[in-house]
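# Topology and contacts: notes
Listed below, chain by chain, are the residues.
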Amino acid sequence: MNTHAGEFDYKDARRYKHTRIGIWDLYEERRTRIRASPTLKMCAQIIQSTPLLVRMFKDVLSIRRCSVLLPAYFVVQVLISLIPAVSLWYSGQLLRLVETAMETRTVDTTVLVHFAAARLICTVAMRFLEYSLARITPPLRLYIKHFHTERMFHSAVRLDLPEFQTLSQTTALQNLEYDLPSVLIWETIQSLTDIAVIFIRLLSQLSVLSTVMWKQQDGLLLVVLSALQYILPWANTGKAVVRSLVWAATTTNEDFVHMQGLKRLAARLLHRQELVAGNLREHISARFREASQRIGHDAVNFPDLEECRSFRDCLSISFILQETMYVLPQIVFTLCIVKNPMKTPLSLASLIWITHAFDPSGDIDLLSFKTLSLADNVFRICEVYEIENIQNKVVDGTEPFPENQQSLANGISVEFRDVSFQYPGWDRCVLRNVSFKIEAGQLCVVVGVNGSGKSTILKLISRIYDPTEGTILVDGRDIKAFRLADLRAAMSILFQDYSEFPLSVRNNIGLGNPALAHDDDKVREAARLGGAEEFIDELPHGFDTYLDRPVYDYHGNLPEGTTTLFGYPIDSPPWDPTGDAHVSVNSNLQISGGQAQRLAISRTLMRSLVPDTESSAGMLLFDEPSSSLDPTAEYGALPCLFERLRKLRGNKTMIFSTHRFGNLTKHADLILWVFEEGTHDELMKKGGEYARIWNLQAKSFI
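Given the structure is predicted, the values throughout are model-derived calculations rather than measurements.

### What about the overall build of the protein chain?
The number of helices and strands found in the protein chain is 25 helices and 17 strands. When each of the 702 residues of the protein chain is scored for burial, the buried share is 42%. Within the protein chain, residue pairs in contact and separated by at least 24 positions form 75% of the contacts whose partners lie at least 6 positions apart. As displayed, the protein chain offers around 39000 Å² of accessible surface, 56% of which is attributable to carbon and sulfur atoms.

This is the structure in structure tokens:
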């Protein structure tokens with residue numbers, strides 16, 4: 001059976017076993033007869049990731065202050081792990097003291113005082129070490145988080161659009177906003193340290209117990225049996241940890257899928273308006289009830305059904321062995337009494353001491369959890385580091401552009417020669433064998449219906465994408481030869497799918513020309529030219545207003561009835577990124593689509609129309625600049641905006657894409673009706689598709 005690399009071919013019955021659980025179909029990788037426990041498998045995965053972990057520690061040690069704090073953190077943790085063994089040793093001395101007292105009927109006060117002082121020193125030392133750890137950990141975590149947050153940001157921000165789209169579903173990129181990659185690094189260091197500390201603590205305690213009990217009657221056997229009752233079950237742990245195996249579950253039950261869709265319809269604000277206006281409440285309630293009755297109690301998600309299935313392991317061999325190991329020390333103790341009744345008090349003391357002194361169940365559980373967590377973190381850290389090595393799909397050129405910065409004032413020419421383009425994952429070409437030329441300084445309007453490739457032309461000119469076939473020339477030279485930063489600095493672009501940055505309005509506009517982002521006069525001028533100044537002045541904080549404030553507010557309990565905090569409505573996020581306090585998401589400030597587009601236009605004008613800057617653009621690209629404007633704004637403000645742009649552009653090249661005909665096309669030096677070329681008068685005389693659509697749109701206003 002042929003499959004692609006990385007594909008989960010659940011239809012391969014030789015490799016995957018199918019189990020029906022209620023309405024769910026579970027596919028599990030078939031197990032071989034001799035199968036290592038999942039815990040051991042996870043340990044093997046961790047060992048295989050040693051080079052990655054070594055690289056991670058080298059990175060952390062390269063942080064100036066961490067080169068001292070991290071070794072200190074390890075030393076303190078190791079010392080803390082040894083204290084229980086030292087205490088255990090002196091507890092053993094107490095047991096010998098009891099043995100001596102039983103035989104001689106006297107107590108050695110020197111040994112007793114020595115024991116008491118040693119236990120006191122251990123207690124004080126533990127407190128001091130815990131205090132030291134508490135002082136070291138927060139700054140160490142802070143430095144590591146800051147270092148890797150900055151590193152991850154630089155790795156992500158350099159990605160071009162095609163590569164970013166490919167990686168947009170990865171965990172590393174999704175969690176960048178919440179600094180989770182840097183948290184992963186710290187959690188991995190903690191997990192590794194904890195695992196090492198647990199092993200040191202267990203081995204040191206076991207060594208002390210073996211040494212102390214060596215001379216006791218069957219004492220060593222009691223130690224071994226007491227240890228095995230915890231160690232053997234851990235070695236077989238993992239059967240219930242389904243996610244450590246290769247598996248997948250799905251459901252094809254149409255009623256359940258329909259129920260889930262109805263739940264989203266009822267729960268999301270996005271759909272509430274149509275739900276209420278369409279009077280759909282009774283209808284969807286009835287449909288939900290009918291679907292639920294047809295399925296019955298199986299109408300739940302897979303984890304709930306899987307939990308019921310997991311109880312089948314309660315009578316497994318490992319479970320029975322684990323229970324048997326709990327009673328073996330008592331059986332041995334009973335045999336000791338039968339064999340030598342005179343030693344009964346001492347044997348009883350030994351058994352009680354071992355039971356209470358050596359109880360590693362908490363450490364074993366923690367070790368299993370830390371191993372699982374570490375294996376998962378190592379996989380996710382691998383994703384983080386791989387981002388640094390990813391090569392962008394749009395390859396940077398080597399030649400500067402332009403050779404003479406002053407030449408941008410006269411515009412930039414662009415030519416397409418037999419250009420075809422197909423978006424990744426699409427089964428058809430958006431553009432096929434397209435050829436045209438726009439001379440420097442021309443006003444060109446690209447006209448066509450939705451989906452005809454107008455926006456794609458602008459994205460190819462700015463090298464957001466590279467053509468699938470053909471060549472694009474800029475000022476007569478292959479566009480791929482130029483440095484991307486130079487090429488894009490020479491252009492100013494407004495895309496149809498623009499967005500508002502999660503920054504202040506001032507920065508939303510100022511980033512159109514980073515060199516002048518802090519010049520308030522230039523920012524205000526760009527806002528005025530883009531028609532956004534008036535509504536910005538009416539915002540709560542004017543140009544300093546955040547449309548989407550990207551910072552959480554944290555709070556504890558608030559007075560009953562509190563609805564606002566620090567001037568913002570209180571809202572809860574889908575999850576708490578800290579887990580330590582209540583988190584409030586500051587609701588977005590809603591502006592109209594037309595206002596948002598004027599803001600984007602102002603950002604575009606920041607580079608292209610602000611004079612006397614070395615970074616002024618030589619080509620201005622506007623993709624559907626009226627798509628979000630209401631009819632009043634389009635009829636009144638837009639012609640004024642177009643007229644203003646025409647006058648302010650000077651001799652620069654200007655390219656508009658639009659599906660609306662009007663004033664702009666009449667003034668165009670070149671119209672590209674995808675794909676007819678000519679002026680407005682020339683295309684009207686041809687009587688082709690351009691003329692037909694023009695006449696259709698004109699009838700709407702007659």
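### Things to note about the environment of Ser462
Of note, Ser462 is situated in the loop between helix 16 (454-461) and strand 7 (469-474). What makes Ser462 buried here is its relative accessible area of 0%. Measuring from C-alpha to C-alpha, the distance between Ser462 and Ile493 comes to 8.2 Å, with 31 residues separating the pair along the chain. Those residues within four positions of Ser462 in sequence are excluded, and the remaining contacts are Arg488, Met491, Ile493 and Phe495.

### Looking at the nonpolar core
Note that soluble globular proteins tend to have their nonpolar side chains buried in a common cluster. Formed by 36 residues in total, the largest nonpolar core has its most connected members in Val505, Ile509, Ile536, Phe622 and Phe656. For this core, the leading source of residues is helix 21 (residues 593-608), giving six residues. Listed in part, the 34 residues of the second largest apolar core include Leu52, Val60, Met126 and Ile381.

### A few points about a nonpolar patch on the surface
A surface patch of nonpolar side chains, amounting to about 280 Å² of accessible area, comprises Val75, Val78, Leu79 and Leu82. Structurally, the position occupied by Val78 is in helix 3 (residues 66-104). Val78 sits in the partly exposed class, given a relative accessible area of 30%.

### Section: the pairing of strand 14 (residues 619-623)
The buried fraction of strand 14 is high, at five of five residues. Residue alternation in strand 14 divides its side chains into two sets, Met619, Leu621 and Asp623 and Leu620 and Phe622, and both sets are buried. Across four bridges, strand 9 (residues 491-494) lies against strand 14 in parallel orientation. Bridged to Met491 within strand 14 is Met619. In this sheet, strand 15 (residues 653-658) lies alongside strand 14 in parallel orientation, the contact comprising five bridges. Looking across to strand 15, one finds that Asp623 is bridged to Ser657.

### Some details on the packing of aromatic side chains
Under the criterion given, the structure shown has 11 aromatic pairs. With 5.8 Å between their ring centres and 70° between their planes, Trp24 and Phe256 make a pair best called edge-to-face. Placement of the pair is Trp24 in strand 2 (residues 24-29) and Phe256 in helix 9 (residues 254-267), with a sequence separation of 232 residues. You'll find Trp24 and Phe256 in the same group, each marked buried.

### A look at helix 2 (residues 50-61)
For helix 2, which comprises 12 residues, the first-to-last C-alpha distance of 16 Å matches the rise-based estimate of 16 Å (1.5 Å per residue) to within 8%. Within helix 2 the residues assigned to the buried category are Leu52, Leu53, Met56, Phe57, Asp59 and Val60. Looking straight down helix 2, one finds that the buried residues subtend no more than 155° of arc, so they occupy a single side. Projecting away from the buried face of helix 2 at angles above 90 degrees are the exposed residues Pro51 and Lys58.

Parameters and conventions
- Residues numbered from 1 in each chain as written.
- Predicted model: local features only at pLDDT ≥ 70, side-chain atom pairs only at ≥ 80, totals over all residues.
- Heavy atoms only, no water.
- Helix = DSSP H or I, 4+ residues; strand = E, 2+ residues; numbered from the N terminus.
- Buried < 20%, exposed > 50% of the residue type's maximum accessible area, 1.4 Å probe, protein only.
- Contact = heavy atoms within 4.5 Å.
- Areas by Shrake-Rupley, 256 points an atom, 1.4 Å probe, with all protein chains shown as cover.
- Core = buried A, V, L, I, M, F, W, Y, C linked by side-chain atoms within 4.5 Å.
- Patch = residues over 30% accessible without salt bridge, like charges linked within 9 Å, V, L, I, M, F, W, Y side chains within 5 Å.
- Salt bridge = Lys/Arg side-chain N within 4 Å of Asp/Glu carboxyl O.
- Pairing = 2+ DSSP bridges.
- Phe/Tyr/Trp six-rings, centres within 6.5 Å; stacked < 30°, edge-to-face > 60°.
- Expected span 1.5 Å × (residues − 1).
- Arc of directions from axis to C-beta.

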